[in-house]
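Residues per chain are reported as follows:
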Amino acid sequence: MYPFEGLFSLLVLSLVLETQALTPTHHLTTTDVARLQTLLSQPFTDLKSAYYSVVGLSKLGISVADAATCRFIKSNLDPSSVESLFFAAEASQALPGCEIPVSNDTRDLLLATVSEDSTASQIHQSVSALSSLGLPLASQEVVSALKARISKEDNVLTIILALQTASRLSQQAELGEILEEIEDLAARLDDLGGVYLQFEEGLEATALFVSAAYALSDHVDMEPPLKEDQVIQLVNSIFSKKSWDSLSEAFSVASAAESLSNNRFHVPVIVSAQGPAAISHSQPFLRLQVTNVLCKPLSSASVLVESATATSSKSAILSQAPFTLRDGVFELNFMASQPASGYYQFSVAIAGDSRFVANHVELKVKVSTRVSINNMDLSVVDKDQSIGPKTTRVEYPAKAKASFMADSHQIFAMTFQLVDETTGVELTPHQTFVRLHNQKTGQEVVFVAEPDSKNLYKFELDTTERKTEFDSISGTYALYLMVGDATLENPILWNVADVVLKFLDEEAPSTIQAKTLYTPKPEIQHLFREPEKKPPTVVSNAFTALVLSPFLLLLILWFKLGANISNFTLSPSTVLFHIGHAAMLGLMYVYWTHLNMFQTLKYLAIIGSFTFLAGNRMLAQKAVKRLVDNLAAKLL
Amino acid sequence: MSNSVFSVISRFVEEYRSSTPNKLKMIDAYLLYILLTGVFQFLYCVLVGTFPFNSFLSGFISCVGSFILAVCLRIQINPQNKRDFLTVSPERAFADFLFAHTVLHLVVVNFVG
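Residues numbered from 1 in each chain as written. Chains lettered and ligands numbered in written order. Predicted model: local features only at pLDDT ≥ 70, side-chain atom pairs only at ≥ 80, totals over all residues. Heavy atoms only, no water.

Q: Break down the overall build of chain A for me, with residues and values.
A: Helices and strands together make up the secondary structure of chain A, namely 17 helices and 23 strands. Counting over 636 residues, chain A shows a buried share of 43%. At a minimum sequence separation of 6, the contacts of chain A that also span at least 24 residues come to 69%. Just so you have it, chain A exposes about 34,400 Å², and 56% of that area is on carbon and sulfur atoms. (Helix = DSSP H or I, 4+ residues; strand = E, 2+ residues; numbered from the N terminus. Buried < 20%, exposed > 50% of the residue type's maximum accessible area, 1.4 Å probe, protein only. Contact = heavy atoms within 4.5 Å. Areas by Shrake-Rupley, 256 points an atom, 1.4 Å probe, with all protein chains shown as cover.)

Q: Give a detailed account of the environment of Tyr477 of chain A, specifying residues and quantitative values.
A: Residue and element names in this part refer to chain A. Topologically, Tyr477 is positioned in strand β22 (residues 475-484). The buried category is assigned to Tyr477, whose relative accessible area is 0%. Filtering out sequence-adjacent residues up to four positions away, Tyr477 remains in contact with Leu436, His437, Asn438, Gln443, Phe470, Ala497, Asp498, Val499 and Leu501.

Q: Give me the packing of aromatic side chains: which residues, what numbers.
A: In total, this model carries 23 aromatic pairs over all chains according to the counting rule given. Judged by centre distance (5.3 Å) and plane angle (50°), the rings of Tyr51 of chain A and Phe251 of chain A are tilted. Taken as a pair, Tyr51 of chain A in helix α3 (residues 47-59) and Phe251 of chain A in helix α13 (residues 247-262) lie far apart in primary sequence, 200 residues in all. The pair formed by Tyr51 of chain A and Phe251 of chain A is uniform in burial state, with each residue classed as buried. Measuring from ring centre to ring centre gives 6.5 Å for Phe42 of chain B and Phe56 of chain B, while their planes differ by 40°; the resulting arrangement is tilted. Residue Phe42 of chain B is located in helix α2 (residues 22-48), and its partner Phe56 of chain B is located in helix α3 (residues 53-77); the two are separated by 14 residues in the primary sequence. Of the residues examined, Phe42 of chain B reaches a relative accessible area of 46% and is grouped as partly exposed. Owing to a relative accessible area of 16%, Phe56 of chain B belongs among the buried residues under this scheme. Members of the aromatic cluster, joined through ring pairs, are Tyr51, Tyr52, Phe86, Phe87 and Phe251 of chain A. (Phe/Tyr/Trp six-rings, centres within 6.5 Å; stacked < 30°, edge-to-face > 60°.)

Q: Talk me through the UniProt feature "transmembrane region" (unreviewed entry) in chain B; I want residue IDs and the actual numbers.
A: Residue and element names in this part refer to chain B. UniProt annotation of "transmembrane region" (unreviewed entry) refers to residues 30-49, 55-73 and 93-112 when read in the numbering used here. In residues 30-49, the share of helix is 95% and the share of strand is 0%. The end C-alpha atoms are 28 Å apart. Secondary structure across residues 55-73 divides into 100% helix and 0% strand, with the first and last C-alpha atoms of the span separated by 27 Å. (UniProt positions renumbered as here; feature names shortened; annotations may be inferred.)

Q: Hey, could you go over the pairing of β22 of chain A for me, with residue numbers and the actual values?
A: All names here are of chain A. Within β22, eight of the ten residues are buried, which leaves the element mostly enclosed by the surrounding structure. As defined by bridge partners, strand β18 (residues 431-438) adjoins β22 across eight bridges and the pair is classed as antiparallel. Note on β22: the bridge partner recorded for Leu436 is Leu479. Bridge analysis of β22 against strand β23 (residues 492-501) gives nine bridges, and the strand direction is antiparallel. Each residue of the ladder has a partner; that of Met482, found in β23, is Leu493. (Pairing = 2+ DSSP bridges.)

Q: Any details on the state of the cysteines? Residues and values, ideally.
A: Residue and element names in this part refer to chain A. Here the structure, examined in full by the defined rule, presents one disulfide over all chains. With a sulfur-sulfur separation of 1.7 Å, Cys70 is cross-linked through a disulfide to Cys98. Between Cys70 and Cys98, the S-S torsion sits near 95°, and that sign places the bridge as right-handed. Of the two residues, Cys70 is situated in helix α4 (residues 67-76) and Cys98 in the loop between α5 (82-94) and α6 (104-113); the sequence distance between them amounts to 28 residues. (Disulfide = S-S within 2.5 Å.)

What follows is the structure in structure tokens.
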């Protein structure tokens, strides 16, 4: 019916993981099964692909009755290769009326392969070939060979092949130990998020495990040690991939699907709504497809609604209501219980076979309805209430003949009711908007209409209050009512009337400025730091002279005080000291003009130490001289 | 009141002229020179402006530092303070004065820019 049926049924099936068991989140739809079939129906190039195609299709329930295939198999058979014999034997068994000629050598070859030294795959192939060709084999020998093989190679694929082989042996053989391997192998599955259960070796290994485990369990008539949740998780893993890379992968998925549909213990049930799970008066039936993993309907099932509760009010509408089977689809007339519109939570149980797994399903069903607008009254009320309101009633979908005028002294008001078309119950949809559209400028303003306590919708427009929304642009506005909701089948867009609004202080309609976000902005000129204003040179020079003038004063004072250099002894240390000192002062000047601190310190160290030595000598001499003079003065 | 102040000042000046040794008077003249230099720098700053501020600071601090060092020298050389400075001879005081000035000038020249 709908192209997205598969996807939608998956969505509907996104279920509540409550305390109840899991239900499959991934399963094959009919299109997927068709795709699988197409892949398996490819023309085959060699015996191996012929095996996969023929046997795979037979698992899907499609028999290839083709003489050309049989000839192909016979011509490509290599009797000296065990693998070739295996492919041919299995394929011919799936084809009715196709017999492979068997010679004694062939039989001996196959029997000889059954030993501890062959690989598990060889043992599996020879045993399957022997069994398909109807040749006798010694089951106990096979069992011991398999056990020996398993103890040598403990990997997953070996054990799966052992399980498959064991399912072809006679029921009297001791298969107990091999049966226990199922449980060990199941423990090696990886649980991904509680949803998937698969081997790290991949999808093919998981699918082959499922078919081997159920084949062996059916053969010995003992339930496999897999819990219901595990089975569902395996279903999710195997059927989550919808396009397959290789023929062998497709074959493994097909055989897993077949074993999950037809074994004696666990049959996973896939429940999906046909189309969206939505009910309305035009479509009162809720239709469910109940199938196995191969998308074949389970006619023997009986489907029952255990409870149906409204999600908003949590009141139960239905309890223990059965679905009726019609044309392979289970249907229930839910509208007969006259539910109000909204969402309902259905709890559905599928009974009829003790093998059913995941047979409790939760569904969310939507009941939609049609809405109709009653008592749409438009009026223009004066603000000071001096003039009574003139109410105009408009019927949907007509438009009011006269347009309404509202200026700053008046309020435009609108009231209406939304009811269910069939039952007359009042509705409060999610979206009730009033849209005013100015045809000339293209401007539109949207308001929300709110219901009051009696579910009567009111909308009032005060031009002075709302003038910012309208940018104070007066003119004729077309008034639309928009009603919408998920549960409404007929959303409404209704041009109710034309309203002429007059605003005070109308500005000239400014054209809406296009956003100037992406146009080049004005260039910024970098302003370098302006050098500070210097005082005029005259002032600076004057003050420099002023500051240097006290030196003159000093010289004058010293002269007046009688400073002289009469005591200047021309001894070398004195001379050297004065030279050194002068050099230091010169260094200071050079430091100011040219050097940095490090260079200065370097030169200072040299000159300074020289000056220090000379000065020390000089001062010592002076000290001696002073002391001698003092002594002489004292004596005299 | 002003009379007594005036008489105190004139007495002080008289005492100074008579009893201060010449060496100290020379140093006092030097101190006056340094003081005036500093005052004139400050005057410039107040009148014209603080640009460039680092130069003003360096010059002013040079004056202040020199003044302090000269005062120290004067104290140490003064024979009346001999008892306080038994280990420091006048020559030693002068040598310290020169060394301190070297350091001061290094800093001042570094900062004057």
